[in-house]
Each structure stands twice: as C-alpha cells, then as structure tokens.
Amino acid sequence: MNTLILVDLQYDFMPGGSLAVPEGDQVVPVANELMSDFDLVIATQDWHPADHLSFASQHPNREIGELIDLAGLDQILWPDHCVQGTRGAELHSDLNQGQIDRVFPKGTDRKIDSYSGFYDNGHQKSTGLGEYLKEQGVQTVTVLGLASDYCVKWTALDAVKLGFQTRLIERGCRGVNLSPGDVDRASQEMQKAGVKIIE
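Model, not experiment: these values are computed from the prediction.

Definitions and limits used
- Numbering of residues starts from 1 in every chain and runs along the sequence as written.
- Two thresholds apply to this predicted model, a pLDDT of at least 70 for residue-level local features and 80 or more for giving and counting side-chain atom pairs, whereas whole-chain, interface and lining totals are computed over all residues.
- To obtain the side-chain values, all non-hydrogen atoms of the structure were included, while hydrogens and water were left out.
- Using only the protein atoms, space was sampled on a 1 Å grid; points where a 1.4 Å probe fits but cannot get out form cavities, open sets with protein on both sides within 12 Å along at least five of seven lines form pockets, and lining residues are those with an atom within 4 Å of a point.
- Grid points are joined across faces, edges and corners, and a volume is the space filled by probe spheres set on the points.
- Lys, Arg, Asp and Glu make up the charged group, whereas Ala, Val, Leu, Ile, Met, Phe, Trp, Tyr, Cys and Pro make up the nonpolar group; the residues left over, Gly among them, are polar.
- Note: two strands are recorded as paired if DSSP finds a minimum of 2 bridges between them.
- Starting at the N terminus, helices and strands are each numbered in turn, a helix being any DSSP run of H or I of at least four residues and a strand any DSSP run of E of at least two.
- Between the N-to-C directions of two axes lies an angle of 0 to 180 degrees, each axis being a line fitted to C-alpha atoms and, for a helix, fitted only over the stretch in contact.
- Each residue is assigned to one of three classes by its accessible area relative to the maximum for its type, calculated with a 1.4 Å probe on protein chains only: buried under 20%, partly exposed between the two thresholds, exposed over 50%.
- In plain words, nonpolar cores are sets of buried Ala, Val, Leu, Ile, Met, Phe, Trp, Tyr and Cys residues tied together by side-chain atoms within 4.5 Å.
- We define a salt bridge as a side-chain nitrogen of Lys or Arg found within 4 Å of a carboxyl oxygen belonging to Asp or Glu.
- Planes of paired rings set the category: under 30 degrees apart is stacked, over 60 is edge-to-face and the rest tilted, where pairs are Phe, Tyr or Trp rings (Trp by its six-membered ring) whose centres lie within 6.5 Å.

Draft legend 1. Highlighting empty space enclosed by the protein. Summed over all chains, the structure comprises 1 cavity of 30 Å³ or more. Taken as a whole, the largest cavity spans an internal volume of roughly 130 Å³. Taken together, 15 residues line the largest cavity, and the ones lying closest to its centre are Phe 13, Leu 19, Trp 78, Tyr 150 and Cys 151. Residues that form the lining of the largest cavity fall into these classes: 10 nonpolar, 3 polar and 2 charged.

Draft legend 2. Main features of the sheet that holds strand β6 (residues 140-146). Sheet architecture is open: 6 strands sit in the order β5-β2-β1-β6-β7-β8, paired in parallel fashion. Each edge of the open sheet is held by one strand with a lone partner, namely β5 (102-106) and β8 (196-198). Looking at each pair of strands side by side, their axes are set apart by 25 degrees on average, direction ignored. Pairing of strand β1 (residues 2-7) with β6 involves 6 bridges; the strand directions are parallel. Across the sheet, residue Asn 2 finds its bridge partner in β6, namely Thr 140.

Draft legend 3. How the structure looks around the pairing of β6. For β6, the tally of buried residues reaches 7 of 7 residues, placing the bulk of the element in the interior. Burial along β6 is two-sided: Thr 140, Thr 142, Leu 144 and Leu 146 and Val 141, Val 143 and Gly 145, pointing in opposite directions, are all buried. Relative to strand β7 (residues 165-174), β6 runs parallel, the two sharing 6 bridges. Across the sheet, residue Val 141 finds its bridge partner in β7, namely Thr 166.

Draft legend 4. View of the nonpolar core. If you look at the biggest cluster of nonpolar residues, it comprises 54 residues, and the most contacted ones within it are Ile 5, Leu 6, Leu 9, Leu 95, Leu 133 and Leu 144. By size, the runner-up hydrophobic cluster in this structure holds 5 residues, among which are Leu 53, Ala 56, Ile 68 and Leu 77.

Draft legend 5. Representation of the pattern of salt bridges in the model. A full pass over the atoms with the stated rule returns 9 salt bridges. Between Arg 171 and Glu 33 there is a salt bridge, and its shortest N-O distance comes to 2.7 Å. Taken together, the residues span a long stretch of sequence, with Arg 171 in strand β7 and Glu 33 in helix α1 (residues 27-35) at a distance of 138 residues. A salt bridge links Lys 153 to Glu 189; the shortest N-O distance between them is 3.1 Å. You can see Lys 153 sitting in helix α3 (residues 148-161) and its partner Glu 189 sitting in helix α4 (residues 182-193), a full 36 residues away along the chain.

Draft legend 6. Summary view of the packing of aromatic side chains. Evaluation of the coordinates by the stated rule reveals 4 aromatic pairs. Between Trp 78 and Tyr 150 the ring centres are 5.1 Å apart and the planes differ by 90 degrees, which places this aromatic pair in the edge-to-face class. With Trp 78 in the loop between β4 (73-76) and β5 and Tyr 150 in helix α3, the pair connects residues that are 72 residues apart, well separated along the chain. Owing to a relative accessible area of 10%, Tyr 150 belongs among the buried residues under this scheme. Between Phe 104 and Tyr 132, the aromatic rings sit 5.6 Å apart at their centres with planes inclined by 55 degrees, giving tilted as the arrangement. Linking Phe 104 in strand β5 with Tyr 132 in helix α2 (residues 129-135), this pair joins segments that are 28 residues apart in sequence. Both residues of the pair, Phe 104 and Tyr 132, belong to the buried class. Pairwise contacts between aromatic rings join Trp 78, Tyr 115 and Tyr 150 into one cluster.

What follows is the structure, given as structure tokens:
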C-alpha cells in the first residue's frame, strides 16, 4: 500500500506563524497535487499543551534557541507554537483535508518534545503511527512537510528504523536552518540512513 505522510502542515509553521518556516506555505500545493497518487494519506500534527517544556516561555531567564537538558535529552527552546485548540495548531485550510485518512497528534506530553511522527524524542512512547501502518500492510512511505531539519528528518529516520522503505519528496519540504547548513546536513543524514531523496 502506497502511503504519503504529511508532516506538520500547520499554521504556526507557515509564514506569519509563531515558528514560521521560510516558504512553508509553498509545501501545501505540492501535498495537494500528490495526495491522489497514494492509497493512504497520513498527517502528523504538533499538538502541545500550553505549558509544554520545549517552550522558552516556561523557563525564566532562558532565550528562544537556547539548548537545555530536558529529561536527559538536548532540547532547543522554541517559541510557543501549535498549542492545542489554537488556530496555530490547525492544519492549513488550503490543504485538501478530505483526502487525509488519519491525523496523528504528537508532542502531547508537556515533559518531552516529539519531532518524529512515530515517537517522542526519547523513544519512550509511540504515537501509534508505526503500529497503524503495519496493520494496514504498508511497506513503503513517502514523506514531505515541515521542517526538513527537524520533524521531517526524525519522521523519515524513524520510518527507516521501523523497516519501511522510505522516500522523501524534496520539493515538498522546507527547513528552519537554525544554523546555516542544517537542511543540507539533514538531507545527508537521511540519505546515509537509507532514505531515498526524490528531487
């Protein structure tokens, strides 16, 4: 079964959002164009409680972009984003949501972030996505979305680890590039792990 995973196509990651990815909105038409080519379309959705500990606002005297230790893991502090029930957390209205078969929320535990659509960052809890895909008999997944150097990368890497043949649609991704070259490094890391990059 041919499966497309749309990663975090939410308002807060689009231009004007609280954690905007440059040109993030340009991914939406690519997603709409490709959905009909797939038997199964999955979306992931960052869905944070308002007091999520990845937010710089929860740490007095800390700045956005600082690196802290959170539950024994390196954690970049982000602006408040994709808070449950807010417009910023909604999937973009231009996205053809009628073709999405299922949405998997992630980042719901305030104590740990979840870049991957499959697990939290400590691989302690599954979102249920991997189990669902295996129940459906999926062998190959194709990934696109936001952002290349965070949630897309970790979703693709976990897909490979779970045994799925994994492809990435490069024109359907945009990155944060917090440090110059992050997107290129993410691409190399994914290729090295066995992700096939489709240009």
